[in-house]
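Now for the letters of each chain:
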Amino acid sequence: MFWTALTLQLGYNATLVTIGATLLGIAAGVTGTFLYLRKRALVSDAISHATLPGVGIAFMLMVMLGGDGRALPGLLLGAAVSSWIGLLCVSWLTRFTRLSEDAAIGAVLSVFFGFGIVLLTVIQTMGAGRAAGLEGFLLGSTAGMLFNDALVIAGGGALTLLAVLILRRPMTLLAFDPEYAASRGVNVGRMDLAIMALALAVTVIGLKVVGLILIVAMLIIPPVTARFWTERTDHMVLISGLCGGLAAWVGASLSAVAPAMPTGPIIVLSSFGLFILSLLLAPNRGVLAVYLRHVRFQRRVHMRQGLLALAQGQPIYEAFTVRLLKRAGLAHADGVPTDDGRARAAKALRDEKRWELVRADQAFESAAALYDGLRDIETVLTGDQISEIDQRIGGPQGVTS
Amino acid sequence: MSLELAANMGAAPKAEIPTESPLAIRGLTVSYGQKPVVFSVDMTVEEGSMTAIIGPNGAGKSTLLKAALGIVSPLAGQALVFGKPLKAARHRIAYVPQRASVDWDFPTRVIDVVLMGLYRELGLLRRIRPQHMEKARACLERVGMTDFADRQIGQLSGGQQQRVFLARALAQEADLYLLDEPFAGVDAATEKAIIDVLKSLRSEGKTVVAVHHDLTTVRSYFDRVFLINTRKVAEGAVDEAFTPDMLNQTYGGRLATGQIDQLELAG
């Protein structure tokens, strides 16, 4: 059943929802990357909550004009206008008052949302034109999605992606180094607004599917997930779009199978699943990788210390060190070195001496930069260089391994 | 104070600005809040020179550069770049900001940072082609960072990060280079690499202006100085302007006499 949903064979409406949600997920992941890199992720929360009064007012206007209060384009237009006002409030407050951005976000978010809820209540008591659909904008409702709605989402998503494609370079420049960007003629204020406007576009087109409370998750979780996998901005944008699209696709399919489940929250949970996987398993930045690296490093430190202690005939007090040496066949359980251990220890001590010279000599500057007290010297210098240093040290030659 | 302010605001006669100077600033005042950080400053940078901007902490050195670049907007005054308004000559300036102004955990590689210097050439949509990579590599080579091209920038030492910033500026192929404390907190090898590049720029006829902290190296690195403590104190060739008297004025007696003696100053 779940498979039929994933492969878009679960009927017209479910297919529509899945495709719409996937496009939205891709657009949100891509756009959210720049929001995240500019460290403005939370602004999207203000943007999304500020849509609600617009939805209410648009509904009232459309009813007053004798139309259908629930026409999606009209509602989204209202949402866009009021969240744009909310966004301007946030940037005005941070620029011209001493309020910090988080305080401004908190203030705008709650006031706009509160106003929106009041409007929705008023609409309900008006009894004019069934207002039942409007609460759907809080958590998203895909049950009654129409073809035209899907078209709006697809078109909006495509336009947003196009805008990101055009603005990717100035946006990257701004996010990495705003002052340098300004020196290159990027209008920082306007480009910041452009990033926000893109987030706003995603928010507005995502209202129907995910709802305003959870749309933030679609903007933030995919880039955070993508960050685990790459050290390049361009790759991060792609991976983030992929994660967003995948999560939306899986989430929409799941909720198609279990219609009682709301689409938005399921999509967010799928996205979170990808995040957890990345957090744990990603190479380099993942928790597991970091832990393994730490353990390996700790072993190297103990091994080195142990060898140096052996070389200088000092007793080793740490049981862990002795265990490591024993496992490597370098020492007996009582800490007495084997022949192999004695040779390695002598080499370690000699390396210390060599490093000392390398670090004191300007000619070896780039090699000296790699000194960490653990490295074998032949990983940094050539055989010729080592013998040159050995000549300076004097004593027996040719101790290399 | 207010009278003086009024007299200086926009009062700089335009005819006085030498149009051939790479950077000419007249009557520049910048304030953060109610406190002027740079007050009615005039500056004329000589083409093909290396100028050190010198002054105590908070004297407005960085702000002066940022105002010249349009990064902060001045309350009063103007700056001309090669005789033209900034907008028309921006492509002729390359800026090297302070290293600390950037988040080094940003997902980008060394080569990507240098490629940012080519964004004007690339425009919004053009693809990065082999010749662009070639150019970026050549800039890295000039600062001795070729081996690090594919590293994530967070893995670099402070000095290496500074060199990457310089490489990015080189990629712009500008005529005027403005550097904000390029030697702050860098290792000896980096300092040498940077000064070598700057001197080679000068020998190509480019102009270099750098905010500089280390008074002991002024004489060997630069040929002109600009002393500032909110107001301009002195400007000119090192031999004329870098004097104990002027330094005392600039630092307001915060330099010990012993310190000044060590500088082998003229005058």
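What you see is a predicted model, and the numbers here were worked out from it, not measured in a lab.

**A few points about the environment of Gln 161 of chain B**
Residue and element names in this part refer to chain B. With respect to the helices, strands and loops of the structure, Gln 161 is situated in helix α7 (residues 158–171). Along the backbone, Gln 161 and Arg 99 are 62 residues apart, and their C-alpha atoms lie at a distance of 7.2 Å. Apart from the residues within four sequence positions on either side, Gln 161 is in contact with Arg 99, Trp 104, Ile 153 and Leu 156.

**Considering a nonpolar patch on the surface**
Residue and element names in this part refer to chain A. On the surface, a cluster of nonpolar side chains totalling about 650 Å² of accessible area is made up of Ile 57, Leu 61, Met 64, Phe 115, Val 118, Val 122 and Met 126. If you list the elements that add at least two residues to the nonpolar patch, you get α4 (51–64) and α6 (101–126). No other element matches the 4 residues that α6 contributes to the nonpolar patch. Mapping Ile 57 onto the fold places it in helix α4.

**Digging into the UniProt feature "domain: ABC transporter" (unreviewed entry) in chain B**
Sites flagged by UniProt as "domain: ABC transporter" (unreviewed entry) map to residues 23–255 of chain B. As annotated, residues 23–255 of chain B has a helix share of 35% and a strand share of 26%, and its two end C-alpha atoms lie 30 Å apart.

**Observations concerning helix α13 (residues 263–281) of chain A**
Within an α-helix, residues lying three or four positions from one another point in the same direction, as the helix has 3.6 residues per turn. All names here are of chain A. With 19 residues, α13 extends 27 Å from end C-alpha to end C-alpha; this agrees with the ideal 27 Å at 1.5 Å per step. Residues Thr 263, Gly 264, Ile 266, Ile 267, Val 268, Ser 270, Ser 271, Phe 275 and Ser 278 constitute the buried set of α13. The inward-facing, buried residues of α13 abut α2 (12–37), α7 (136–139), α11 (215–227) and α12 (233–257).

**Here we look at the sheet that holds strand β7 (residues 176–180) of chain B**
Residues and elements named next belong to chain B. Read from one edge to the other, the open sheet built from 6 strands follows the order β6-β7-β8-β3-β9-β10, with strand pairing classed as mixed. Both edges of this open sheet fall to β6 (93–96) and β10 (231–237), since each of them pairs with a single strand only. When strand polarity is set aside, the average angle formed by the axes of neighbouring strands in this sheet is 15°. Note: strand β3 (residues 50–54) against strand β8 (residues 207–211), 4 bridges, orientation parallel. Residue pairing for β8: Ala 52 is matched across the bridge by Ala 210. In this fold α7 packs onto β6 and β7, with an angle of close to 170° to the strand it touches most, β6.

Rules and cut-offs
- Residues numbered from 1 in each chain as written.
- Chains lettered and ligands numbered in written order.
- Predicted model: local features only at pLDDT ≥ 70, side-chain atom pairs only at ≥ 80, totals over all residues.
- Heavy atoms only, no water.
- Helix = DSSP H or I, 4+ residues; strand = E, 2+ residues; numbered from the N terminus.
- Contact = heavy atoms within 4.5 Å.
- Patch = residues over 30% accessible without salt bridge, like charges linked within 9 Å, V, L, I, M, F, W, Y side chains within 5 Å.
- Areas by Shrake-Rupley, 256 points an atom, 1.4 Å probe, with all protein chains shown as cover.
- Salt bridge = Lys/Arg side-chain N within 4 Å of Asp/Glu carboxyl O.
- UniProt positions renumbered as here; feature names shortened; annotations may be inferred.
- Expected span 1.5 Å × (residues − 1).
- Buried < 20%, exposed > 50% of the residue type's maximum accessible area, 1.4 Å probe, protein only.
- Pairing = 2+ DSSP bridges.
- Axes fitted to C-alpha atoms, helices over the stretch in contact; angles between N-to-C directions.

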